[in-house]
Structure formats: structure tokens, C-alpha cells
Amino acid sequence: MSHLNLDQSQIDRARDAALEDGFLFGGVRYDCDDLSVQRITGAAVLGILNPAFTTPWITFDNSVVVLTASDLAGLGAAAAGHVATQLFKARELKDDVLAATTAEQVAAINW
């Protein structure tokens, strides 16, 4: 069975779009593509190494904010949470597809 003709890559595309929509931290939207998450992680490490660390940061809408070491730790945690949420949502939906036994069940699966 082809799992009733649902292309699971549709779920992957929805997951990727949700990640690319960014995430909110402190009421501000931040980018969440792979490179942005790497940059957030690196800056958070700098903040761990130097609690007095501050840095300007470009947000999703290209505004500039200044983040402290504490802010960067929170930003890193928020990014990790957003990524995990999207990944596990996609996994759950794929499991739903695999468990579906009718085309109607598959059609009811939405991001």
C-alpha cells in the first residue's frame, strides 16, 4: 500500500515552512532556518562564556535589537523548542498517515 497516495514529502514541506516562519521570543520574531539556528547557538555559547556579553541581533523583519547573554540563552532555548515542536509534529502526522486505512483518514490529516 502506498499509504493511500499521500506524499509524505508534503508533511516535510509543511514542517520546513513552519520552521522558516521563525519563532517568537520576548514578543519578537526571529529566523529559524538552519544557519540562523547555528548563529543563535554560537552567540548563546559566547553568552555562557561571558555573562557580560551583549550583541546586536537582526530579527526576522530586519530590525536590530541588542541581546544580553541572558537573552541569548533564552533565544537559544526558544529556537530549540520551536525546532523540536515542528519536528515532532511532522513525525506524529507521518505516523498518522502510516496508521490510516482509508483515503478519508489520510485526507483528514492536516498540518
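Structure's up top.
Conventions used here
- Residues numbered from 1 in each chain as written.
- Predicted model: local features only at pLDDT ≥ 70, side-chain atom pairs only at ≥ 80, totals over all residues.
- Heavy atoms only, no water.
- Helix = DSSP H or I, 4+ residues; strand = E, 2+ residues; numbered from the N terminus.
- Expected span 1.5 Å × (residues − 1).
- Buried < 20%, exposed > 50% of the residue type's maximum accessible area, 1.4 Å probe, protein only.
- Arc of directions from axis to C-beta.
- Contact = heavy atoms within 4.5 Å.
- Polar contact = N/O pair within 3.5 Å; in protein donor to acceptor, adjacent residues only side chain to side chain.
- Phe/Tyr/Trp six-rings, centres within 6.5 Å; stacked < 30°, edge-to-face > 60°.
- Lys NZ or Arg CZ within 6 Å of the ring centre and 35° of its normal.

## Structural notes on helix H2 (residues 34-49)
- Over its 16 residues, H2 runs 23 Å from end to end, which matches the ideal 22 Å to within 8%, given 1.5 Å per residue.
- When we look at burial in H2, the residues that qualify are Ser36, Ile40, Ala43, Ala44 and Gly47. Here the buried residues of H2 occupy an arc of 105° about the axis, which is enough to place them on one side. Among the exposed residues of H2, those pointing more than 90 degrees away from its buried face are Asp34, Gln38, Ile48 and Leu49.
- Summarising the contacts, the buried residues of H2 are in contact with strand S1 (23-25), strand S3 (54-58) and helix H3 (69-99).
- Its side-chain oxygen at 3.1 Å from the backbone nitrogen of Leu35, Asp33 defines the N-terminal cap of H2.

## Section: the packing of aromatic side chains
- Going through the model one piece at a time under the given rule, you end up with two aromatic pairs.
- For the pair Phe25 and Tyr30, a centre-to-centre distance of 6.4 Å together with 55° between the ring planes defines the contact as tilted.
- For Phe25, a relative accessible area of 23% translates into the label partly exposed.
- By relative accessible area, Tyr30 is classed as buried at 3%.
- Each member of the aromatic cluster is reached from another via a ring pair, and the members are Phe23, Phe25 and Tyr30.
- Its guanidinium or amino end placed over the ring of Phe60, Arg29 lies 6.0 Å from that ring's centre, counting from NZ or CZ.

Read these as spatial facts, not as claims about activity.
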